[in-house]
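Here's the letter readout for the chains.
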Amino acid sequence: MTKIIQTPCRWLALVGYASMALLNACTDKFETYNTNPHEATEEMMSHDNLKTGAFFSQLQRNVVLFKDGSNMDADYQVSQGLTSDIYSGYVAPTGTWYGGVHNGSYAFITNWIETTFRSGFSSIMPAWQAIAEIAEEQGLPEVAALATIVKVEGMHRVADAYGPIPYLNYGSGSLQNDYDGLDEVYYRFFDELNESIEVLTQFVQANPNATLLEQYDLIYGGNVTNWVKFANTLRLRLAMRIVYANPTKAQQEAEQAIANPIGLITQPQERTSLKHTSNLVYYHPLFEIAYNFNAGEVRMGATMDAYLNGYEDPRRGAYFTPTVDGGYHGVRLGIVTSVWTPYVSNRISNLNVDNSTTEIVWMTAAESYFLRAEGALRNWNMGGTAQEFYRAGIAVSFDENRVGSADAYINNLTNRPIEFRDNAEGSAFHANAPNGPTIAWNEGDPFEVNLERIITQKWIAGYPDGPEGWAEFRRTGYPRLIPPVENRSNGTISNNVQVRRIPYPQSEYNNNRAGVQVGISKLGGADNGGTKLWWDKK
């Protein structure tokens with residue numbers, strides 16, 4: 001049975017953001033429970049190791065939501081699956097809700113835009129604050145540094161979804177928190193990453209083989225060196241995000257990330273992902289949504305269809321399942337209909353995801369190469385050329401997806417994205433071919449052509465990380481996403497420009513209206529999906 005409902009759930013904020021929690025949930029969306037087995041209790045706090053360890057696990061579990069006793073698969077669906085995942089062009093929703101008049105057709109459903117904000121301020125921020133306080137009491141700055149890196153990873157996703165958020169003075173005790181401008185939030189991210197990287201770099205240099213929170217680290221098993229590599233790469237990601245808003249700051253932060261002696265993520269085994277171990281047994285939420293919710297409530301997106309088929313990309317089979325005709329076929333966003341059977345039939349590609357082995361990935365190894373390729377293209381000091389990093393990024397992505405050699409693909413001079421042909425029976429929502437680039441690098445091409453190459457391949461390699469794919473589309477305009485069939489935004493969102501942000505949750509208007517109004521003033525536009533964020537300046 002579907003986990004998305006059309007009857008609004010009731011949300012209530014308790015004491016500020018740190019204690020905001022779900023009190024009354026729809027019974028077909030959440031399981032009944034009294035004690036969350038994955039969050040720290042007072043009894044846990046009585047044990048030294050658990051004082052920070054339990055909170056650190058909680059922090060990691062809430063960056064990307066999945067079913068863990070506290071969060072449900074439906075929480076992933078509304079926090080990411082029906083926002084950034086579809087706005088990135090990766091997938092399309094095929095559930096029967098509201099006849100298609102919902103987020104997919106730019107008609108935002110109030111309950112669906114709550115969860116990203118709620119998870120940030122009811123789970124990520126309180127867990128980080130607890131770790132920071134305990135670490136200070138125990139004289140463990142390196143533990144606080146680990147927690148801060150995870151906090152930045154989680155909260156930049158929240159900020160990139162909404163814009164201004166109450167971040168700088170979180171934990172001050174105020175029940176009504178003013179919102180901070182997105183520029184202020186990003187500059188704090190950089191300060192926090194810089195301090196955390198310095199602390200952990202010194203820790204690694206003094207203790208090369210030491211580990212931290214090994215039993216509770218669901219990402220790297222306590223490997224501090226890999227945490228520094230991730231932090232450096234995350235710093236580079238955020239630096240690139242602001243390149244059109246503050247190019248000087250962007251270059252400064254990017255080059256500092258490169259200069260760190262520990263380095264960046266470079267190998268597939270270093271990618272940042274929730275591992276399937278005895279300490280964490282979980283099912284990937286995309287499997288539940290694609291296979292167990294009704295007949296499946298998500299399928300391959302039309303833009304992925306146009307690019308992967310046009311490029312004859314070997315990663316098609318790693319990402320999606322072949323259809324009855326042996327091909328790979330997607331679905332367009334914005335279909336409004338009461339008949340959804342054709343879009344979940346064997347003529348449409350499902351997601352190739354295993355419920356117990358597919359990992360939730362925060363950052364691929366390939367991304368670090370594409371970030372450096374763009375930096376080098378901008379003549380920043382990245383330690384190599386744009387062409388070298390571009391080719392390496394594709395090759396590493398092929399390795400990560402286990403699809404063989406990338407040599408022929410990298411050197412392909414002719415293939416381009418093709419037109420989208422709707423393969424659903426009785427449907428004809430076709431679309432023209434995106435005017436995307438060829439694959440092979442050409443040093444003589446203009447800057448913008450090579451930038452589009454980098455971002456397009458970065459987008460393909462990043463699947464299915466919707467928040468990052470959507471953010472990069474907004475930042476650069478690439479890849480060229482196929483517009484929705486129908487746009488029900490009442491003129492607030494352009495079909496060509498597409499969705500730029502998610503409106504603030506209704507719960508914030510109910511409980512912190514003054515703070516929201518400050519946020520809107522710093523946003524610089526109306527609280528709707530068409531207003532651009534601070535870094536969205538191109």
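Residues numbered from 1 in each chain as written. Predicted model: local features only at pLDDT ≥ 70, side-chain atom pairs only at ≥ 80, totals over all residues. Heavy atoms only, no water.

## Here's the deal with the overall build of the chain
Then, in step 1: Within the chain, the regular secondary structure consists of 19 helices and six strands.
Then, in step 2: Pairs at least 24 residues apart make up 74% of the contacts formed inside the chain by residues separated by at least 6 positions.
Then, in step 3: Counting every atom, the chain has about 19,700 Å² of accessible surface; 47% of that belongs to carbon and sulfur. (Helix = DSSP H or I, 4+ residues; strand = E, 2+ residues; numbered from the N terminus. Contact = heavy atoms within 4.5 Å. Areas by Shrake-Rupley, 256 points an atom, 1.4 Å probe, with all protein chains shown as cover.)

## Considering the packing of helix α13 (residues 365–377) against helix α16 (residues 447–462)
Then, in step 1: One way to put it is that α13 packs onto α16 with a least axis distance of 9 Å and a crossing angle of 170°. Regarding the angle of α13 to α16, the classification is roughly antiparallel. Across the interface between the two elements, Ala-366, Glu-367, Phe-370, Leu-371, Ala-373, Glu-374 and Leu-377 of α13 pack against Phe-447, Asn-450, Leu-451, Ile-454, Ile-455, Gln-457, Lys-458 and Ala-461 of α16.
Then, in step 2: Here the residues of the contact of α13 with α16 are counted per class, giving ten nonpolar, two polar and three charged. (Axes fitted to C-alpha atoms, helices over the stretch in contact; angles between N-to-C directions. Parallel < 35°, antiparallel > 145°, perpendicular 65-115°, else oblique. Nonpolar A, V, L, I, M, F, W, Y, C, P; charged D, E, K, R; others polar.)

## So, helix α10 (residues 285–292)
Then, in step 1: Of all the eight residues making up α10, six are buried; the element is thus mostly covered by neighbouring parts of the structure.
Then, in step 2: When α10 is considered as a whole, its buried residues turn out to be Pro-285, Leu-286, Phe-287, Glu-288, Ile-289 and Ala-290.
Then, in step 3: Tucked into the core, α10 has its buried residues touching α3 (73–81), α4 (84–87), β5 (298–300) and β6 (360–363). (Buried < 20%, exposed > 50% of the residue type's maximum accessible area, 1.4 Å probe, protein only.)

## Some details on the pattern of salt bridges
Then, in step 1: By the definition in use, this model includes 29 salt bridges.
Then, in step 2: For the salt bridge of Arg-241 with Asp-160, the shortest nitrogen-to-oxygen distance reads 3.4 Å. Taken together, the residues span a long stretch of sequence, with Arg-241 in helix α8 (residues 224–241) and Asp-160 in helix α6 (residues 141–162) at a distance of 81 residues.
Then, in step 3: Residue class for Arg-241 comes out buried when judged on its relative accessible area of 0%.
Then, in step 4: Residue Asp-160 is classed as buried on the basis of its relative accessible area, which comes to 4%.
Then, in step 5: Taking the shortest distance from any N to any O, the salt bridge between Glu-374 and Arg-378 comes out at 3.0 Å. (Salt bridge = Lys/Arg side-chain N within 4 Å of Asp/Glu carboxyl O.)

## Notes on the environment of Asn-401
Then, in step 1: If you trace the backbone, Asn-401 turns up in helix α14 (residues 386–401).
Then, in step 2: Given the relative accessible area of 21%, Asn-401 is considered partly exposed.
Then, in step 3: Each C-alpha atom of the pair Asn-401 and Ala-461 lies 8.9 Å from the other, and the pair is 60 residues apart in sequence.
Then, in step 4: The contact partners of Asn-401, leaving out residues within four places of it in the chain, are Arg-315, Ala-318 and Tyr-319.
Then, in step 5: Within polar-contact distance, the side chain of Asn-401 engages the side chain of Tyr-319 at 3.5 Å.
Then, in step 6: One polar contact links the side chain of Asn-401 to the main-chain carbonyl oxygen of Ser-397, over a distance of 2.9 Å. (Polar contact = N/O pair within 3.5 Å; in protein donor to acceptor, adjacent residues only side chain to side chain.)

## Focus: helix α9 (residues 247–259)
Then, in step 1: Counted at 1.5 Å a residue, the expected span for α9 with its 13 residues is 18 Å, and the 18 Å between its end C-alpha atoms agrees.
Then, in step 2: Every buried residue belonging to α9 is among Lys-249, Ala-250, Glu-253, Ala-254 and Ala-257, and all of these are buried. Down the axis of α9, the smallest arc covering the buried residues is 125°, so these residues share one side. Of the exposed residues in α9, the ones pointing more than 90 degrees away from its buried face are Thr-248 and Ala-259.
Then, in step 3: Its buried side turned inward, α9 meets α7 (182–206) and α8. (Expected span 1.5 Å × (residues − 1). Arc of directions from axis to C-beta.)

## Side note on unusual backbone geometry
Most peptide bonds are trans, and most residues other than glycine sit at a negative phi.
Then, in step 1: That bond from Tyr-463 to Pro-464 is cis: its omega, 5°, falls within 30 degrees of zero.
Then, in step 2: Along the chain, Pro-464 turns up in the loop between α16 and α17 (466–476).
Then, in step 3: The phi dihedral of Arg-402 is positive, around 55°, even though this residue is not glycine.
Then, in step 4: The topology assignment puts Arg-402 in the loop between α14 and α15 (407–410).
Then, in step 5: In the Ramachandran plot, Gln-498 falls in the positive-phi region, its phi being about 70° despite a non-glycine side chain.
Then, in step 6: One can find Gln-498 in the loop between α17 and α18 (506–511).

## Quick look at the side chain of Asp-305
Then, in step 1: Checked against the element boundaries, Asp-305 lands in helix α11 (residues 302–310).
Then, in step 2: An unpaired buried charge is present at Asp-305: no salt bridge exists, and Arg-316, the closest side chain of opposite charge, is 8.0 Å distant.
Then, in step 3: At a separation of 2.9 Å, a polar atom in the side chain of Asp-305 contacts the main-chain amide nitrogen of Gly-330.
Then, in step 4: Non-local contacts of Asp-305, meaning those with residues more than four positions away in its chain, are made with Met-300, Gly-310, Tyr-328, His-329, Gly-330 and Phe-420. (Lys, Arg positive; Asp, Glu negative; His and termini not counted.)

## Remarks on the packing of aromatic side chains
Then, in step 1: Scanning all chains against the criterion turns up 33 aromatic pairs.
Then, in step 2: Here Tyr-186 and Phe-190 contribute two aromatic rings whose centre-to-centre distance is 6.4 Å and whose plane-to-plane angle is 65°, an arrangement assigned as edge-to-face. Highlighted residues: Tyr-186 and Phe-190, both in helix α7, separated by four residues, approximately one helical turn. For the pair shown, Tyr-186 and Phe-190 are each scored as buried.
Then, in step 3: Note on Tyr-220 and Trp-227: the rings are 5.2 Å apart at their centroids and 90° apart in plane angle, and the pair reads as edge-to-face. For the pair formed by Tyr-220 and Trp-227, the shared burial category is buried. (Phe/Tyr/Trp six-rings, centres within 6.5 Å; stacked < 30°, edge-to-face > 60°.)

## Here's the deal with the packing of α8 against α13
Helix-helix packing is characterised by the crossing angle of the two axes and by the distance between the axes.
Then, in step 1: Running from amino to carboxyl end, α8 crosses α13 at an angle of 45°, the nearest separation of the two axes being 10 Å. Judged by the inter-axis angle, α8 sits oblique to α13. The two elements α8 and α13 cross, and the hand of that crossing is left-handed. Residue-level inspection shows Thr-233, Leu-236, Arg-237 and Met-240 of α8 in contact with α13, the latter providing Glu-367, Ser-368, Leu-371, Arg-372, Glu-374 and Gly-375.
Then, in step 2: Its residues assigned to classes, the contact of α8 with α13 shows three nonpolar, three polar and four charged. (Left-handed = near helix turned anticlockwise from the far one by under 90°.)

## Regarding the side chain of Asn-309
Then, in step 1: Along the chain, the position of Asn-309 falls in helix α11.
Then, in step 2: Overall, Asn-309 belongs to the buried group, its relative accessible area being 16%.
Then, in step 3: Among the polar contacts made by the side chain of Asn-309, one reaches the side chain of Arg-316 at a distance of 3.0 Å.
Then, in step 4: When near neighbours in sequence (up to four residues on either side) are disregarded, Asn-309 contacts Met-304, Arg-316, Tyr-328 and Ile-418.

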